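# Examination of the molecular architecture
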Amino acid sequence: MKTIRMLACLSLAFAATGAFAADKVCQVEISGTDQMTYDKKEIAVAADCTEVEVTLKHAGKLPAQAMGHNWVLAKTSDMAGVASEGMGAGLPNDYLKKGETRVIAHTKVIGGGQTATVKFATSLLKKGEAYSFFCTFPGHSTMMKGVFKFG
Ligand SMILES: [Cu+2]
């Protein structure tokens, strides 16, 4: 009886793996600088991407304590609130409020020479919604922000 159940589980696992074969992971690269800027003002992800993998590079030299950058994705209407409420959370929490639910995806905060990656499913995104990416290091989101387009 146990064996049959295990076989059933195995075939389910295989079925799931088969489904993943149709997945399309789309890569996005973005850099941050010591001048408090990203090198992109807009990121566009095609509608057939099932997952997005964002790699953030800090091309500068300053440490995370002085010029830390992260990459945070949220609805454009949530951006100001996420940034201002994340300010007090501190570097160990990547300047994101504990229990923050408005963030769709984010990398950790990194300093010069470092790289961080985040992968998320596009099923988290709604067509027709306006999304923005931004840095939640205190004061940065006024300059470090851009439009995220899906579809
Ligand atoms: Cu920043």
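Let me begin by describing the structure that accompanies this report.

Rules used in this analysis
Residues numbered from 1 in each chain as written. Predicted model: local features only at pLDDT ≥ 70, side-chain atom pairs only at ≥ 80, totals over all residues. Heavy atoms only, no water. Helix = DSSP H or I, 4+ residues; strand = E, 2+ residues; numbered from the N terminus. Buried < 20%, exposed > 50% of the residue type's maximum accessible area, 1.4 Å probe, protein only. Contact = heavy atoms within 4.5 Å. Areas by Shrake-Rupley, 256 points an atom, 1.4 Å probe, with all protein chains shown as cover. Donors = N, O, S within 2.8 Å, 3.2 Å for Na, K, Ca; no water. Core = buried A, V, L, I, M, F, W, Y, C linked by side-chain atoms within 4.5 Å. Salt bridge = Lys/Arg side-chain N within 4 Å of Asp/Glu carboxyl O.

## A closer look at the overall build of the chain
- Secondary structure summary: the chain contains three helices and eight strands in total.
- Overall, the chain shows an N-to-C arrangement of helices and strands of α-β-β-β-α-β-α-β-β-β-β.
- Within the chain, buried positions represent 40% of all 151 residues.
- For the chain, the proportion of contacts with a sequence separation of at least 24, taken over those separated by at least 6, is 75%.
- About 8500 Å² of surface is accessible on the chain, with carbon and sulfur atoms providing 60% of the total.

## Description of unusual backbone geometry
- Residues other than glycine seldom take positive phi values, yet Asp-94 does so here, at roughly 60°.
- Take Asp-94: it is sitting in the loop between α3 (76–86) and β5 (103–106).
- Look at Tyr-95: it is not a glycine, yet its phi comes out positive at around 50°.
- Note that Tyr-95 resides in the loop between α3 and β5.
- By relative accessible area, which is 11% here, Tyr-95 ends up buried.

## As for the coordination of the copper ion
- The protein atoms that coordinate the copper ion are His-69 (ND1), Cys-135 (SG) and His-140 (ND1), at distances of 2.1 to 2.2 Å.
- Spacing between the donor residues of the copper ion along their common chain follows H-x65-C-x4-H. With His-69 in the loop between α2 (64–67) and β4 (72–75) and His-140 in the loop between β7 (131–134) and β8 (145–150), this pair connects stretches of sequence that are 71 residues apart.
- Classification of His-69 by relative accessible area gives buried; the value is 1%.

## Some details on the nonpolar core
- Ranked by size, the top nonpolar core spans 28 residues in total, and within it Trp-71, Phe-120 and Phe-148 carry the most contacts.
- Broken down by secondary-structure element, the contributors of at least two residues to this core are β1 (25–32), β2 (42–45), β3 (51–58), β6 (115–121), β7 and β8.
- Among the nonpolar cores identified, the runner-up in size contains eight residues, and Val-72, Ala-74, Val-82 and Leu-96 belong to it.

## Observations concerning the pattern of salt bridges
- The tally for this structure, following the rule as stated, stands at six salt bridges.
- Among the ionic pairs, Lys-97 bridges to Glu-85, the shortest N-O distance being 2.8 Å. Highlighted residues: Lys-97 in the loop between α3 and β5 and Glu-85 in helix α3, separated in sequence by 12 residues.
- Given the relative accessible area of 33%, Lys-97 is considered partly exposed.
- When the shortest N-O distance is used, the salt bridge between Arg-102 and Glu-85 registers 2.9 Å.

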